[in-house]
Structures are given as structure tokens and as C-alpha cells.
Amino acid sequence: MNPHRHNIEKLYAHLHSSAQGLSQAEATQRLEKYGGNQIEQIAERSLPVKLLKEFTHFFALILWIAAALAFVAEWKDPGQGMAMLGCAVLVVILINGLFSFWQEYRAEKALTALRNLLPQHTTALRDGHARQILVAELVPGDVVLLAAGDDVPADCRLIEAFGVRVNTANLTGESKPMARAVTAEFEELAALRRDILHAGTSLISGEAKAMVYATGMHTEFGNIARLTQTVRDPLSPLQKEIARLSRLIALFATLLGAVFLLIGQLIGLSFWENLVFAIGIIVANVPEGLLPTVTLSLAMATQRMAKKNALVRHLPAVETLGAASVICCDKTGTLTQNRMSVRQVFYSGAMQPLAKLAEAEPLFAIMRHCHDLRRVEQGGQVSYLGDPMEAALLDSIPSGGVSYPRLDEIPFDTERKRMSVICDTPQGAMLYCKGAPEIVLSLCGAMLLHGKCLPLEETDRANLLAAHEQMTEQGLRVIALAYRRLPPNLPFEQRESDLIFAGLIGLLDPPRDAVPEAIRRCREAGIRVIMITGDHPHTASALAREIGLAQNPVAVTGDRLRQMSDADLQLLLDEPELIFARTAAEQKMRIVQALQRRGEIVAVTGDGVNDAPALKCADIGIAMGISGTDVAKESADIILLDDNFATIIAAIEEGRAVFDNIRKFLTYILTSNIPELVPYLAFVLFRIPLPLTIIQILAVDLGTDMLPALALGAEKPAPDTMQRPPRPRGERLLNWSTLLRAYLFLGPLEAFAAMAAFFFVLHGSGWQYGSVPLHRDYLQATTACLSAIIAMQIVNVLLCRHPVMSSFSRGRHRNRLIGYGIVFELLLLLLIVYTPWGNALFGTAPLGADAWLFIIAFAPGMLLLEELRKAMVRRK
């Protein structure tokens, strides 16, 4: 049975209940049968599973294999430093996994602190008496009593209603309070019935008695939560790129190892000697420092975003937001301030600014008295709870006016479309009325014009209706105000007749101050913004024009969207100034999926339960931290702590910088692979002493390179970051340009310097090709090779700050971390070369001044050649 399609008596019979509710015994039995009135939490991995995930992704598996191979090599050929390499790689895996887990765990704890607790208790009739019970104990057949300010605890059918208006924004996205009444016309959809109250909504005025017909996951709220749970989290673009990069690295390292295994066989190396050598080649080509550098770079970006009021729940979401090409944006509270304000006033025959209405006391008296707001004092501050529209009217009037005691009230309902109050004033009993303009006008016989009360002629009515239409076309919510003095003994049914028309008030939820500028920046950045709201098309269109989102918006309603095929929707999305209004949860998700099929990277904002499915299926879900519901926050990747659209733009800029920065330090890290590989090639092919040991490679990858790479990961966004379009979905992190620059230009330059330094020291000691050098001479030669790599990497960190711009042109964008990184490299190098423990651990020996002068001479050469390459690229 569908409870919204039958009269209340049939519902009583179906639920075996009545207007007096259930007995306690019957409620207990039903609780066992139907379960608690609770929304099942979105299924999440347990903490141990989340922790395990950080140690089992593809790149981590590569490192596990590299560590295992290092231990095998140590077992077959002890004393070559492979055991230390294996241990170091295991430490990298452990630290990176724990750090990534801690970052997400900390974000989840922050999310928990943000959650707004759902109501714990409600009033229900049990055994014919009103009792406070736990919301979780409600069952179908219960009768609940609700008043203004209460949250609706389950899906209910109204039995009695007095002036009930409901805030349905969390469920439908509609910002306008909706009236509810016992009698209602037939509607196919329960959400459109006026005698239905849904879980997740709240009463802003009136009192209600209602019968519960659905609880927990069987409510509309629960259906949306279930829809959210069926949507799988898509991999972020960065996760896909890291996985691709991991496969490429694994394939390249394995192929290289296999090639050198074959070469070793051909030149006569023994099987185990050859295998150990091949393992060394494989491990040398796995950039062990890449994973912790990516993780720390993302973590630093999340810290910067947190300072800009964006809480990142999942680290890869930082970069994904930077890749966004479309933002599907909610209206209420994100683009707007989520508070009504008076925008226009039609008074005394003309549109007038409210600030200039000093002599409009009849108008102000109606605004001051005709409402159902509750005055609340807290911490010395006075506020009013209730209908936001009524609060806006009260806030708009000048202070100092006199409030008179209320004698009676004729409440608002859906049939009357108006509300009246009667107050005791010095002039006698006064009736103040507000409501729908067409209804209030029909009750008026006179109007205020220049302070005088004049008869209301038909031409005047036409002019007032024209003013109403003009205000409505601007997206304003328009209400009419009227009043009259009540003579003694006036019959009840005549009290709302012969009213004096006072004026029209146009209200609007104003846009946030920073939104127009944020929309302009989106346009400059090539990001398309599509408004998807539950509000009226006129309201959405007016806001779109005001904030510069669209000049001639094409507003598509949910009803029209429901009739469209997928092909029609794809054609519709070609409209440049498209907005969606009156949309349901599944429709918002359908729009997101249609955009994704077009190759767009879609960011979605939302705060209500109805937004959760779209947040979940989007490439990046952004929930509101202040107004957002628990379900929306659980479904999102990023939470805006200030609910401000402008914060999204600042976060996008950070996200774009993250991608650029990862590519910078990827170039930096991969460059050092070549000077680490070439010594092994020379060792095998030319039968020379090994110029660089495994432990010295480790000193570069997990030592001297780490802080400079992190410094590149912390670079500020370039000035043109938000003036270029989003990168295409298919653009690779490791593209051919980056690979060729690192492996075929910068890398060979470093390798040449490293091998030259090795032979310079070796020949200086009297070594001849084919002979075995003295132990100390060999240690000094390998130290020179290592020192040359580190010296060239110091220059390289400056070169990698931009792939095209000159290193000297970025002086005004100083990055202190790069300075700290260079100092760190130099100090670590000195410790490795000139301390006893450094010599013992890394197999090094102190160098003389002549060796340093030889090494340093290569740095300007590398700088000059890279600057020439950049200049040639800029000229193209």
C-alpha cells in the first residue's frame, strides 16, 4: 500500500492503528519486527582494512618486491649493502603507509566533530498519552506530536495541522518553506503531497499531529542513503596516473634487468653474480623516494587548503579538484548566503529602496507584528527562530518601533495563502495581514498612496499586479501586506475584508559577496559552472544573471529532464548557459554521469540528503561543513568549512598547482636515475671498478633528494594557473616531454659529470685501465661520483621549478623550502664525506679541494645548457 494515495482511514486500517497511537506493548513488538528508526551508516572499510590498503597498492607492491630482491641479493652476495637497501625500502613503505593512513584518519575525526546530531527524542502517543521517546524507537503506526522547531523523525501522514510550514531543503533542495495541511489533492509522488511530512525535514512554524508510516531505511531519506551506498568511489585521476606510472616503472626496471641479465651471460658472469647485478639494476631504477614525496606533497597541500577553509578527507582529492572541468553547483547556501533579505519594496505607487521609507509606519507595523517567529536570547544576543522570510521582514524595519500585544491570530494555510494577526493598539484592534499578492489584493478595497487612504480602482489593481509580475520575473519571492482597523462586534468571517493595501515586498536569498568574482575566475580558468537546484526556475535564472553565470540562462526543470532520453540530455549539455531547477536526487546523479561520459572531470557541491548520490559518483564531491547533512559529508571528498563557493576556486588553484608540482619533482627524481644507472652500465660493459655502490644510490634517493623534492612539491601556484583551461582527462603525469627531458637531457648531463669526477679522482691516484685500484683511492673515486650527482641535483632543483620559464625569472616567487633543501643536501653531503660514521656507513672517503673544483665546474655548464633549451622552447 502507498500511504500517500489513500485517505487517512484506510491508512489507520492498514497500519492497525488510530489517531490515539499504539500501546507500549504493540510498539515493542513492532520494533522487533521492523527494526530501529535509524539510517544505516554508509558502509565503510574498517580501520585495519584502511591501514592495509596503504601497504598494498600497486606502487607499494613494487617496493615490497624491490625489498625482497635486495634481501635475496644480500643472501647470495653478502657485504654489498643490499640488506641495508632492503631495510631502507621497508622503512619507506612503513612510514608512507602510516602517514597516509594518519592523514585520512585525522580528516575523518575532524568530520566527526562537524556532524550535526540528529534529534534523539520525539513526542509520541503511547497508551493514549504523550510521551518523550527515543527517535530510534519509533515504529509504523506511531502517532507523533510536532511543533515549530522540531525535526521530523520519520515519514508521516498528517492527522491534524495548524499553520504548518516545513523546511524541505535538505531533502529536495527547495529553499522556500513549504506549507502542509491535512487535506491535499492527489499526487503520484509522495514528495509533492501536502499532507506528508518526510524524515530529514523540519517544522519552521505551526503544530502537527501525524501518523508514522515509514521508518529508517524505508523512508525517502533512507532511500536516498541507500542510493548513495550503491555508488562506488571512482579512482581519482591522480590515483590512475600513479598506477600507470607504477606499471611503467615496473616494466622498465624489469626489462632493463632482463637485458643486463642477458648481457652478463654473454660476457661470462656467473649465474648468481649476474642475478645479483640484475637485481641491483632493477632496484636502482625504482624511485623509492617517489611515493613518500607524492604523499607529503599532497599532505602539505591539504594543510594549505585547510587554512582556506577546505577540509580534505582523501589525499588524492587535492589534485582531482585541480583537474575539474565542470562544477555542478548547488544554489542555496553555496552561491547564496542562505538567508532571505528584502530586495525591493513597492510602496505608495512606486518601487522604492527600503532605506528611504522613513514614513511608512503602516507597512513597518505589519512587518513587525504579522509573524510566528520565536524570540531567543543566548549569550546576550537576540535572534528569531522560524520562517527565514519572516525573519528577513523583521530585520529590515527600523528599530524603535512599538510592538503591541496580540489578541488573536488567523494562521496561514495552503488554501487561504495568507496569515493575519489582530493586535491591541491605541487606535483600537488592528488586523495585519500578509500573503500571496493575488489573494490579498482580492480582499482589499483601498490602498495607501502618499500617506492617504484612497479607494482601490481596477486600474490600481492592474498596476499592482503588473508590479508583482515584474518583481517575480526578477526571481523575487513577493508577498503583499495589508491592514485594517476592526470595529467592535464585527463578525468573524468579515475580519479579513475591506483591507487597506499597504505594499509589496520582494525578497531574495542574496548571493555571497565573493561569488561573482569566483564565477569570473572560473570562466578565465576554462571551468564550466552548472547550477543544479531544487528551487524555482525563475529564482535560479535571476541568481544566474546577477552573479554573471549566465545572461540568457536555459532553465530545465526536473519534470522536463525526466522525459528526456540520454541522447537528448547529451545534446542539451551543449547549451553554454544551462541551469537545472526543481531536480530530484537521481536526476542530479544522472546529470553528473552524463557529463562524465563526455570526458569531463566533474566536481559536485551539495549539502542536503538529496545531494549525496551525486556527491558520491562525482570525480570530486564537495559538501558544506556548516549546513551540510551527515549523509552529504560522508559522501564527499572535500568539506567546505565556510560553505562558500569562492573557497572552491581557491582550492582548485591549489589542486592545479599540485599536479604541476608533482610533475616538477617527478622530473627531479627521475633525472637522478640516469647517473645512478650509467655507472652500472660502465661496470658491466667496460669492466671498470663499480663507480657507485647500492648504498650510495640509497643516500641520493632517500637522503639528499627528499627535501628538495618536497620543496618542489610546495611551490606556490604560478600567476597564470587560473588563466589556462583544465588539463585534458587523458593528459599524463609522466608525458613524453617530461620523460625525454629527464632521461635524455638532464640525466645524461648529470651522468657525464658523475663519471668524469670518478675517473678524475681515479686517474689522479695513478690508476690504469685493467688494474685494481687501492682501497682508499677507490673509496675517494666513488665519493667523487656521488658528490657530483648531488652537486648536479642542487642545480637541477632550480631548473625543475618550471619546464619552460627561465630559472632567473622566478625570483619574485621565492620558495624558502628550496633554500632549506639545498642547505640540507650540502650538510648531508659533508656528513657523508667528512665524518667517520658517514665514511663507514656509505663507503666514502674525504675529498681534496682539486676534486671539488673539478665537480663544481660542471654545475654552470648544466645550468647554461638547460637555459638554452628553455629559450628555444619559448621561441616556438
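Structure shown above.
Residues numbered from 1 in each chain as written. Predicted model: local features only at pLDDT ≥ 70, side-chain atom pairs only at ≥ 80, totals over all residues. Heavy atoms only, no water.

1. Things to note about the packing of aromatic side chains
Under the definition given, this model contains 7 aromatic pairs. On the basis of an interplanar angle of 70° and a centroid distance of 5.9 Å, the ring pair of F752 and F858 is categorised as edge-to-face. Of this pair, F752 sits in helix α27 (residues 736-764) while F858 sits in helix α32 (residues 858-875); the two residues are 106 residues apart in sequence, bridging distant segments of the chain. Measuring from centroid to centroid gives 5.4 Å for F758 and F759, while their planes differ by 70°, and the two rings are edge-to-face. A residue is classified by how much of its surface remains accessible, and F759, at 25% relative accessible area, is partly exposed. In this structure an aromatic cluster arises from ring pairing among F752, F760, F854 and F858. Looking at R165, its charged tip hangs above the ring of F412, at a distance of 5.4 Å from the centre. (Phe/Tyr/Trp six-rings, centres within 6.5 Å; stacked < 30°, edge-to-face > 60°. Helix = DSSP H or I, 4+ residues; strand = E, 2+ residues; numbered from the N terminus. Buried < 20%, exposed > 50% of the residue type's maximum accessible area, 1.4 Å probe, protein only. Lys NZ or Arg CZ within 6 Å of the ring centre and 35° of its normal.)

2. A look at the packing of helix α23 (residues 645-671) against helix α26 (residues 706-713)
At a minimum axis distance of 8 Å, the contact between α23 and α26 shows a crossing angle of 155°. When the axes of α23 and α26 are compared, the pair comes out roughly antiparallel. Handedness of the α23/α26 crossing: right-handed. On α26, the residues touching N661, K664, F665, Y668 and I669 of α23 are P708, A709, L712 and G713. (Axes fitted to C-alpha atoms, helices over the stretch in contact; angles between N-to-C directions. Parallel < 35°, antiparallel > 145°, perpendicular 65-115°, else oblique. Left-handed = near helix turned anticlockwise from the far one by under 90°. Contact = heavy atoms within 4.5 Å.)

3. Brief notes about the pairing of strand β15 (residues 418-425)
Burial within β15 is extensive, with 7 of its 8 residues counted as buried. One ladder, built from 4 bridges, connects strand β14 (residues 406-410) with β15; its direction is antiparallel. Paired with D408 across the bridge in β15 is I422. Direction of pairing for β15 relative to strand β16 (residues 428-435): antiparallel, over a ladder of 8 bridges. (Pairing = 2+ DSSP bridges.)

4. Examining unusual backbone geometry
A positive phi angle, near 55°, is found at S348, a position not held by glycine. Note on placement: S348 falls in the loop between β10 (341-347) and β11 (350-352). Positive phi, close to 55°, is recorded for R687, a residue that is not glycine. Relative to the assigned elements, R687 resides in the loop between α24 (673-686) and α25 (694-704).

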